[in-house]
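Coordinate inspection notes
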Amino acid sequence: MRLRGVPLWPAQPRATQLRTTTRHQHPEPPIDSLSSPGTSIATRAIAITVRDVGKSVAGPEGEVRILDGVDLTVDEGDSVAIVGASGSGKTTLLGLLAGLDLPSRGTIELAGQRLDALDEEARAALRAREVGFVFQSFHLLPSLTAEENVALPLELAGREGSEDRARVREVLQAVGLEPRRRHYPRQLSGGEQQRVALARAFVGRPRILFADEPTGNLDQATGQHVSELLFELNRRSGTTLVLVTHDLSLARRCRHLYRLDGGRLHADATPAEGAA
Ligand SMILES: Nc1ncnc2c1ncn2[C@@H]1O[C@H](COP(=O)(O)OP(=O)(O)OP(=O)(O)O)[C@@H](O)[C@H]1O
Ligand SMILES: [Mg+2]
């Protein structure tokens, strides 16, 4: 099920692809066994592989080249921040990584699947199983309350038992919105809507969480709290985080930091110690 391209998500145990762990490196060929003999060094599954991705779109004055040769490998359980100037293509890239759109060139593998090999329906199904996505503009359904928006991914997956209802309450509580659960989006502030969008993205315990400016509308204290939630999810559930942000304190908590500039990703300054 897709809502204007909105992915819906509950996570499941998954087949994996492994590679030897190196950081800030270009993609390496996958090792396709869980216990390859001779790989006694640490191995980690790959969540995302991007190879030479370009994206151009038709603009009013002709072709606009947004991305031009992006390479990236994200290990499962990793945390990655993408920073860059406004208009540098961060939202475009995140949409491609999640399979909401297809690149003009290059390939993307998400959770072991080549996205260009899947039709739209299959990509939506993959997102539903594996991915949570927090949109820069939230994409909440206006006719549903906060609680109903958060519950939607579970309902669409046929999960409406008492445990699932409790999970919805739990995530609403986690983002501090239990008292506003019956409010419709128009009755919520921008920051509250953002937190509903976050709760909806992680209610199903996704394997990979993409978040586009997840703290963009929040005051410092609430932003800090949301950031704690994201990294707790990363630590406790092994959720892979890919965040786009202008918030450097959030970016520096990630294990990897990239800057998008000139249509390419560049490894940025080493994040602070203690990064998740
Ligand atoms: N459908 C489109 N047609 C033409 N140009 C587009 C289209 N979508 C995006 N662009 C252009 O591509 C560039 C990248 O847009 P994108 O939304 O990815 O930037 P961003 O890095 O997320 O910016 P911000 O930090 O402001 O959110 C922008 O210059 C934008 O105007
Ligand atoms: Mg953007």
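1. Remarks on the nonpolar core
Counting 70 residues, the largest nonpolar core has Ala81, Leu97, Val150, Val171, Ala199, Phe210 and Val242 as its most contacted members. Residue contacts for Phe210: discarding those within four places in its chain leaves Leu94, Leu97, Ala98, Val131, Phe133 and Val242.

2. Examining the site of ligand 1
What surrounds ligand 1 is a group of 13 residues, the closest being Ser86, Gly87, Lys90, Thr91 and Thr92. Where the shell around ligand 1 is concerned, the elements lending two or more residues are strand E2 (43-59), strand E3 (62-75) and helix H1 (90-97). Tallying contributions element by element places H1 first for the shell around ligand 1, with three residues. Tallied by class, the residues present in the shell around ligand 1 amount to three nonpolar, nine polar and one charged.

3. As for the confidence of the model for the chain
On average, residues of the chain carry a pLDDT of 84, and 81% of them reach 70 or more. Across residues 1-41, where pLDDT falls below 50, the model places 83 contacts with residues more than four positions away in sequence or in other chains.

4. A closer look at helix H4 (residues 162-174)
Between its first and last C-alpha, H4 extends 18 Å over 13 residues, near the 18 Å set by a 1.5 Å rise per residue. Turning to H4, its buried residues number three or more, namely Val168, Val171, Leu172 and Ala174. Buried residues of H4, seen end-on, are gathered within an arc of 160° and therefore sit on one face of the element. Across H4 from its buried face, at more than 90 degrees, point the exposed residues Ser162, Glu163, Ala166 and Glu170.

5. Describing H1
For H1, the tally of buried residues reaches six of eight residues, placing the bulk of the element in the interior. Within two residues after H1, Gly99 carries a phi angle of roughly 75°, on the positive side.

The rules behind the values
Residues numbered from 1 in each chain as written. Chains lettered and ligands numbered in written order. Predicted model: local features only at pLDDT ≥ 70, side-chain atom pairs only at ≥ 80, totals over all residues. Core = buried A, V, L, I, M, F, W, Y, C linked by C-beta atoms within 7 Å. Buried ≥ 20, exposed ≤ 12 C-beta atoms within 10 Å, placed from the backbone. Contact = placed C-beta atoms within 7 Å. Near = placed C-beta within 6 Å. Helix = DSSP H or I, 4+ residues; strand = E, 2+ residues; numbered from the N terminus. Nonpolar A, V, L, I, M, F, W, Y, C, P; charged D, E, K, R; others polar. pLDDT = per-residue confidence, 0-100. Expected span 1.5 Å × (residues − 1). Arc of directions from axis to C-beta.

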